[in-house]
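This is what each chain is made of:
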Amino acid sequence: MSLFQQHSLSIAQLKHILENNLPVHIFDVRSQADFDQWHIPDSILLPVNEALQATDANVFKELTLVRDHPVVVVCQEGFLSQKAMQQLRDLHIEAYSLEGGIRQWTKVWNTAEIQIDTTKIIQIRRVGKGCLSYMIISDNMAVVIDPALSSDVFINLATQHQAHIKYVLDTHIHADHFSRAKDLANKTDADLMLPDQNVLQYDFHPLKDGDLLHFGQTYLKALHTPGHTDESFSYLWLDKVLFSGDVLFLNGVGRPDLKSDQQMAIQKTEKLYQSLQKIKSLPDETLILPGHFSGAIRFDQNIVGDTLINLKEQLDLLKLNQPDFIQEILTDMPDTPPNFENIVDLNIKGEANEKDLLQLEAGGNRCSSQK
Ligand SMILES: [Fe+2]
């Protein structure tokens, strides 16, 4: 019996398959280079894109294909995958084409949550991009940090948890996704609290180092942790959890080179080093919840995070002295994030439409110094 009646699947249907662990193979028919940039976890690369474009013959005929599960075919925009799907069906494989291609993957998200005492922390994960947003709830009051998905996602989550969003925060001016903080604050009447700077072209409440944000029965402390960008902040919850933005990740630290010449990059790397010393002085058991994740985010509901002590042990960068740290960070920096200048400009204006964002935000994140 077929998995679905139709021969193409929406991204919501693929998400349903992955969430429920249904048996499928995902065949990615783009080029090796496109696949290397980003792909759906566990997908199988079959770089037949040129052959599909060039010929009407069945390009899969000579290939050894796994046939034990239905197949979802992914291409760039959802056109070649239809041709591939038909050719696979001609070989009696139950194949489906992903509508809209890999770009639709940028919209997929899931959540994981932890409860500590009476406070709930929900991690909202944009799985294709690795962007991590947070909602922290205490006594029906919520704070949202780095909303990287449409405001509806956060409004619906708050409603589900019978919470009222009191504050919306960003850790910094993002370069890899459009911040929905302004829109979310407008739609929920929440206070928009952003790092103090004079770059953004709209109104907000400026945060300074050490500011406390009270909500429900608890509070967050704002920590200025410059380096990735000058205005970067992290938010500390009771010496137990640090929302580290793009300053500290689970596999590295933020990159200091965006929008900077060589001299500025050196100065920002010095600040990054100092910010990391500040973070390293927190209690060892502090849970670090970063703003991005570069590995595949699974549909397993396990929160993406680690304790400070584990990161201190695992990350060689955290063991270096300042000169070695600067040398290491600024050598062999990864490629800049796609469209990052356009995305920063939209974030400075605070205006964008979701249709344009689908293309602008496509691809994985590159806010880390590590390749
Ligand atoms: Fe960033």
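What you see is a predicted model; the values in this text were computed from it and never measured.

Enquirer: Summarise the nonpolar core; cite the residues concerned and give the values.
Expert: Membership of the largest hydrophobic core comes to 62 residues, with the highest contact counts inside it found for L169, L220, F243 and L248. Counting only domains with at least three residues in this core, you end up with domain 1 (8-104) and domain 2 (108-360). Not counting residues up to four positions away in its chain, the partners in contact with L248 are V253, L276, I279, I288, P290, L308, L311, L315 and L318. Counting residues in hydrophobic clusters, the runner-up holds 29 residues, among them A142, A181, L258 and I348.

Enquirer: Which residues make up the packing of helix α7 (residues 262-280) against helix α9 (residues 322-330), and what are the values?
Expert: At a minimum axis separation of 10 Å, α7 and α9 run at an interaxial angle of 125°. With respect to α9, the element α7 is oriented oblique. Between α7 and α9 the crossing geometry is right-handed. The residues of α9 that touch α7, namely those facing A265, I266, T269, E270, L272, Y273, Q274 and L276, are Q322, F325, I326, I329 and L330. Grouping the constituent residues of the contact of α7 with α9 by class yields nine nonpolar, three polar and one charged.

Enquirer: I'd like to hear about the coordination of the iron ion, residue by residue, with values.
Expert: Donor atoms from the polypeptide that coordinate the iron ion comprise H172 (NE2), H228 (NE2) and D246 (OD), at 2.0 to 2.4 Å from the metal. Mapped onto the polypeptide sequence, the residues donating to the iron ion form the spacing pattern H-x55-H-x17-D. Of this pair, H172 sits in the loop between β10 (164-169) and α6 (181-188) while H228 sits in the loop between β14 (218-224) and β15 (233-237), and the two are 56 residues apart along the sequence. The exposure class of H172 is buried, given its relative accessible area of 3%.

Enquirer: Let's hear about the sheet that holds strand β1 (residues 8-9): which residues, and what values?
Expert: Strand order in the open sheet formed by five strands is β1-β5-β4-β2-β3, with parallel pairing between adjacent strands. Edge strands, defined here as strands with exactly one partner in the open sheet, are β1 and β3 (44-45). As paired elements, strand β2 (residues 25-28) and β3 share two bridges and run parallel to each other. Residue pairing for β3: D28 is matched across the bridge by L45. Sheet contacts for helix α4 (residues 80-90): β2, β4 (71-74) and β5 (95-98); angle to β5, the most-contacted strand, approximately 180°.

Enquirer: Would you mind going over the environment of G100 in detail, with residue names and values included?
Expert: Its place among the elements puts G100 in the loop between β5 and β6 (109-116). C-alpha separation for the pair G100 and S8, spaced 92 residues apart in sequence, amounts to 9.9 Å. Not counting residues within four places of it along the chain, the set of residues in contact with G100 comprises Q76, E77 and G78.

Enquirer: How would you sum up the pattern of salt bridges? Please name residues and give values.
Expert: Tallying each qualifying case throughout the model produces 16 salt bridges. Note that E113 and K120 form a salt bridge whose closest N and O atoms lie 3.2 Å from each other. Here the salt bridges share partners, and the residues they tie into one network are R126, R180 and E361.

Conventions adopted
Residues numbered from 1 in each chain as written. Predicted model: local features only at pLDDT ≥ 70, side-chain atom pairs only at ≥ 80, totals over all residues. Heavy atoms only, no water. Core = buried A, V, L, I, M, F, W, Y, C linked by side-chain atoms within 4.5 Å. Buried < 20%, exposed > 50% of the residue type's maximum accessible area, 1.4 Å probe, protein only. Domains from an automatic or database assignment. Contact = heavy atoms within 4.5 Å. Axes fitted to C-alpha atoms, helices over the stretch in contact; angles between N-to-C directions. Helix = DSSP H or I, 4+ residues; strand = E, 2+ residues; numbered from the N terminus. Parallel < 35°, antiparallel > 145°, perpendicular 65-115°, else oblique. Left-handed = near helix turned anticlockwise from the far one by under 90°. Nonpolar A, V, L, I, M, F, W, Y, C, P; charged D, E, K, R; others polar. Donors = N, O, S within 2.8 Å, 3.2 Å for Na, K, Ca; no water. Pairing = 2+ DSSP bridges. Salt bridge = Lys/Arg side-chain N within 4 Å of Asp/Glu carboxyl O.

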